[in-house]
Amino acid sequence: MGLTDDTGKRCPLLPCSIPNITNTSMQQQQQQQQMVDHASTYTMDEALLPMGFGKFQAFLLAYSGMGWISEAMEMMLLSFVGPSVQEIWKLSAQEQSLITSVVFVGMLIGAFSWGLISDIYGRRMGFLFTAIITGVAGFLSAFAPNYIALIVLRFLVGIGLGGGPVLSAWFLEFVPSPNRGAWMVVFSAFWSIGTILEASLAWAVMPKMGWRWLLALSSVPSFLLLLLYGFTSESPRYLCMKGKTTDAMQVLEKMAKWNHVSLPSGTLVSDHTCVPDENPASSAGLDSITIQRHDTNTDDSESKRGGITSLFRLLSRKLLRTTLLLWMVIFGCAFAYYGIILLTSELSSGNKKCSSNKLHLKSDGSGLYKNVLITSLAEIPGLFIAATIVDRIGRKLTMSSMLFVSCILLIPLVSHQKEVLTVGLLFGARMLISGSFTIVYIYAPEVYPTSTRTTGVGVASAVGRVGGIVCPLVAVGLVHGCHQTAAVLLFELVILLAAVAICFFPFETSRRYLLDSVRNIK
């Protein structure tokens, strides 16, 4: 005897509803299998969460921090070498400024190049060659026979220093998301350590041994990077994004062993997200979920076709706003940061040509080293403040508030002030600007996906170097021309524009997982 289906038709042999039941059962099984598949896979962020911050990350922090110390020392020595060389070789103010500017030109080229190389060939390849170039060219600078040779060698040092952002992006990719901001601020503290070391080294070496010894000793950290290079590992996130999951798993297993933890069970994937399945089953009222694993082969093949594709990706519809705003902010931070350093140096040296009503600091022989050292110490509380609030109130609010307050602190310097007040204001401004500069270098690698992270950070860093190139011409040229007030007002304008640009960043990156592909950006 037959049965009646939903439409009232009789089925003489088998119930007509059985195929529907069977289809429903199969769809449920597929859905369950998809959920099982999702449960049996994990992303890089999910692998890093149980790792915490252990011995493995501590070694990476020390290694990458040494690279940051190297860059800081090579940059800070310009405040001391320039005035010394000018006196010995009888250079003009423009020739002295060129010693600094040529380093930033090299950094512009290096930041642009090493970012592309690191996205194509790996992070380790990038910072290996930067350490070689920086160390060798920095050491040879101590033996420069004349001005032209010094300019060429410092240009090469700049190319090597341009790879600094590769180290920060490399370290970032090993750190779990919950406290990533705080640990990146700790990493940035090595820059402050480098500036303090260089100021102390200059104070001890320059008066007795001269600028050549300062150049030679400042190259030591770069050679330490080469000595310990064999103990470093490639970023597992980069390896996974490139489809080298076996190599990525080896790095994760090594990390888990060092940190005495266990990896999640399942298979490592580059990324996975849950999206509604737009198949006919959805119209039947089923809550079907399809697990999509992002295919990184597209990004990989594009990057292998050349760096131009990576550059175009930065200006794609999804990244254009972020990229342009980031360039504006990093230019402003670099201009203001190096401006405060060079302004402190110039005001400490004094300028007899300028009338006494212009602002200046103590002009005796020890004033330069003392004032630069004091303002360098300002970066320590700046980093402490940044580390305390960056994960609590977010990157955007931290950066913008610090820049707005630094603008307020610089206002009194448009007119003559007592030495103590001038040093105090420069101390506070450098404290806040260095903190904001630190956060922008945390935000930059977080806002870009793995497939184009070091390219994006490298190009942004190159834009910052443009600010560094222009800054010495302003800080040295205007002060030498007795236009200190104009210099301070220009710094105010640049800082204010950068602070406003931060407010228009498209999204906050605090406590967000890092993305692997441009297609994941909403």
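Rules and cut-offs
- Residues numbered from 1 in each chain as written.
- Predicted model: local features only at pLDDT ≥ 70, side-chain atom pairs only at ≥ 80, totals over all residues.
- Heavy atoms only, no water.
- Helix = DSSP H or I, 4+ residues; strand = E, 2+ residues; numbered from the N terminus.
- Buried < 20%, exposed > 50% of the residue type's maximum accessible area, 1.4 Å probe, protein only.
- Contact = heavy atoms within 4.5 Å.
- Areas by Shrake-Rupley, 256 points an atom, 1.4 Å probe, with all protein chains shown as cover.
- Salt bridge = Lys/Arg side-chain N within 4 Å of Asp/Glu carboxyl O.
- Expected span 1.5 Å × (residues − 1).
- Bend = angle between axes of the 7 residues up to and from the residue.
- Core = buried A, V, L, I, M, F, W, Y, C linked by side-chain atoms within 4.5 Å.
- Patch = residues over 30% accessible without salt bridge, like charges linked within 9 Å, V, L, I, M, F, W, Y side chains within 5 Å.
- pLDDT = per-residue confidence, 0-100.
- Polar contact = N/O pair within 3.5 Å; in protein donor to acceptor, adjacent residues only side chain to side chain.

Engineer: Hey, could you run me through the overall build of the chain in this one?
Structural biologist: Broken down by element type, the chain carries 23 helices and six strands. Looking at the chain as a whole, 55% of its 522 residues qualify as buried. Contacts spanning at least 24 positions in sequence make up 81% of the contacts within the chain whose residues lie at least 6 apart. Counting only carbon and sulfur atoms, one obtains 66% of the accessible surface of the chain, whose full area is about 21,500 Å².

Engineer: Honestly, the pattern of salt bridges in this entry has me stumped. Any pointers?
Structural biologist: Think of it this way: side chains of opposite charge can pair up when their charged atoms draw near. Inspection of every chain in the model, using the stated rule, returns seven salt bridges. Across the pair E74 and R154 runs a salt bridge whose closest N-O atoms are separated by 2.8 Å. In this pair, E74 is assigned in helix α3 (residues 55-76) and R154 in helix α7 (residues 147-161), connecting sequence segments 80 residues apart. The partner of E173 in a salt bridge is R123, with the nearest N and O atoms 2.7 Å apart. One end of the pair, E173, is in the loop between α8 (164-172) and α9 (180-209); the other, R123, is in helix α6 (residues 123-141), and 50 residues separate them in sequence. Comparing E173 with R123, the two get one shared label, buried. A single salt-bridge network, built from bridges that share partners, covers D119, R123, E173 and R453.

Engineer: What is the right way to read α9 from this model?
Structural biologist: Along its 30 residues, α9 runs 42 Å from first to last C-alpha, staying within 8% of the 44 Å computed at 1.5 Å per residue. At A202, α9 shows its largest kink, close to 30°. Within two residues after α9, G210 carries a phi angle of roughly 95°, on the positive side.

Engineer: Would you explain the nonpolar core in this entry?
Structural biologist: In a soluble, globular protein the nonpolar side chains are often hidden away together inside. One finds M75, I99, Y338, L403, F437, V440 and F505 to be the most contacted residues of the largest nonpolar core, which totals 130 residues. Here F505 is in contact with R321, T322, L325, L326, V329, K396, M399 and Y443, once residues within four sequence places are set aside.

Engineer: Whenever I open this one, a nonpolar patch on the surface confuses me. Can you help?
Structural biologist: Together, Y121, M125, F129, I132, V136, F139, L140, F143 and F223 give the surface a local cluster of nonpolar side chains, amounting to about 840 Å² of exposed area. Top contributing element to the nonpolar patch by residue count: α6, with six residues. Along the polypeptide, F139 turns up in helix α6. With relative accessibility at 34%, the residue F139 sits in the partly exposed group.

Engineer: So what exactly am I meant to see when it comes to α8 here?
Structural biologist: Think of an α-helix as 3.6 residues a turn; residues three or four steps apart then line up on the same face. Here α8 lies mainly inside the structure; nine of its nine residues are buried. Listing the buried residues of α8 in full gives G164, P165, V166, L167, S168, A169, W170, F171 and L172.

Engineer: Can you help me understand the confidence of the model for the chain in this one?
Structural biologist: Close inspection of predicted coordinates is inappropriate for parts of the model with low pLDDT. Taken residue by residue, the chain gives an average pLDDT of 76. The fraction at 70 or more is 76%. Model confidence for the chain, summarised as mean pLDDT per element, is weakest for helix α14 (residues 280-283) at 32 and strongest for helix α11 (residues 220-227) at 92. Low confidence marks residues 31-38, where pLDDT is under 50. Its contacts with residues over four positions away, or in another chain, come to 11 contacts. Contacts for the low-pLDDT stretch residues 356-360, under 50 throughout, to residues beyond four places or in other chains number 12 contacts.

Engineer: Would you explain the side chain of S233 in this entry?
Structural biologist: With respect to the helices and strands, the residue S233 is situated in the loop between α11 and α12 (236-241). Here S233 falls in the buried class, since its relative accessible area comes to 7%. Of note is the side chain of S233, whose polar atom sits 3.4 Å from the side chain of K254. Look past the residues within four positions of S233 in its chain and what remains in contact with it is F56, R124, W170, F174, V251 and K254.

Engineer: Explain the environment of G266 here, please?
Structural biologist: Tracing the chain through its elements places G266 in the loop between α13 (245-259) and β4 (267-268). The class of G266 is partly exposed, set by a relative accessible area of 45%. Along the sequence, G266 and T41 sit 225 residues apart, while their C-alpha atoms lie 4.8 Å from each other. Apart from residues lying up to four places away in sequence, G266 is in contact with S40 and Y42.

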